[in-house]
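The primary structure of each chain is shown beneath.
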Amino acid sequence: MDVGCHIGDTEKLIVDQHPKIHSIIGLDYDEKRINRAEKRWEQDEKKITFVQGDAAALPFEDNRFDKVICAEMLEWVKEPLRAINRGLVG
Ligand SMILES: C[S@@+](CC[C@H](N)C(=O)[O-])C[C@H]1O[C@@H](n2cnc3c(N)ncnc32)[C@H](O)[C@@H]1O
């Protein structure tokens, strides 16, 4: 999962560079960015799913993901420690 995925560039890059990857979820707070990301990659990439959500209250069960990326996102969050403690870490 990529938390704060913006319009999905990282998802496309990872899938292209790691063709054996099973799947990746890009999550972002901004619904417009999620919609844009979905439109950009819907034609040619079935391994990527985009989800609207908040890093401080991730809509997934604990231990769901093998790896989590969160790049250049925490500086945008009003309460970054809350995001780390209650969202990203569980
Ligand atoms: C600078 S972009 C980072 C994009 C990408 N991760 C990268 O490294 O290029 C920050 C993104 O974090 C998202 N964001 C901000 N607060 C968020 C939150 N609480 N939960 C999820 N995403 C959030 C913004 O909507 C924005 O798309």
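For the structure, check the block above.
Conventions adopted
Residues numbered from 1 in each chain as written. Predicted model: local features only at pLDDT ≥ 70, side-chain atom pairs only at ≥ 80, totals over all residues. Heavy atoms only, no water. Near = heavy atom within 4 Å. Polar contact = N/O pair within 3.5 Å; in protein donor to acceptor, adjacent residues only side chain to side chain. 1 Å grid on protein atoms, 1.4 Å probe; cavity = no way out; pocket = protein on both sides within 12 Å on 5 of 7 lines; lining within 4 Å. Sits in = over half its atoms within 2 Å of the grid points. Nonpolar A, V, L, I, M, F, W, Y, C, P; charged D, E, K, R; others polar.

K.L.:
Would you take a moment to explain the site of the ligand for this structure?
P.N.:
Contacts to the ligand come from 15 residues, most closely from G4, D28, D54, A55 and A71. Between the ligand and the protein, one listed contact pairs a nitrogen atom with a side-chain N or O atom of D54 at 2.9 Å. Within the backbone of A55, an N or O atom sits 2.9 Å from a nitrogen atom of the ligand. Under a 2 Å grid-point criterion requiring more than half of the atoms, the pocket assigned to the ligand is the largest pocket. Class assignment of the residues belonging to the shell around the ligand gives a composition of seven nonpolar, three polar and five charged.

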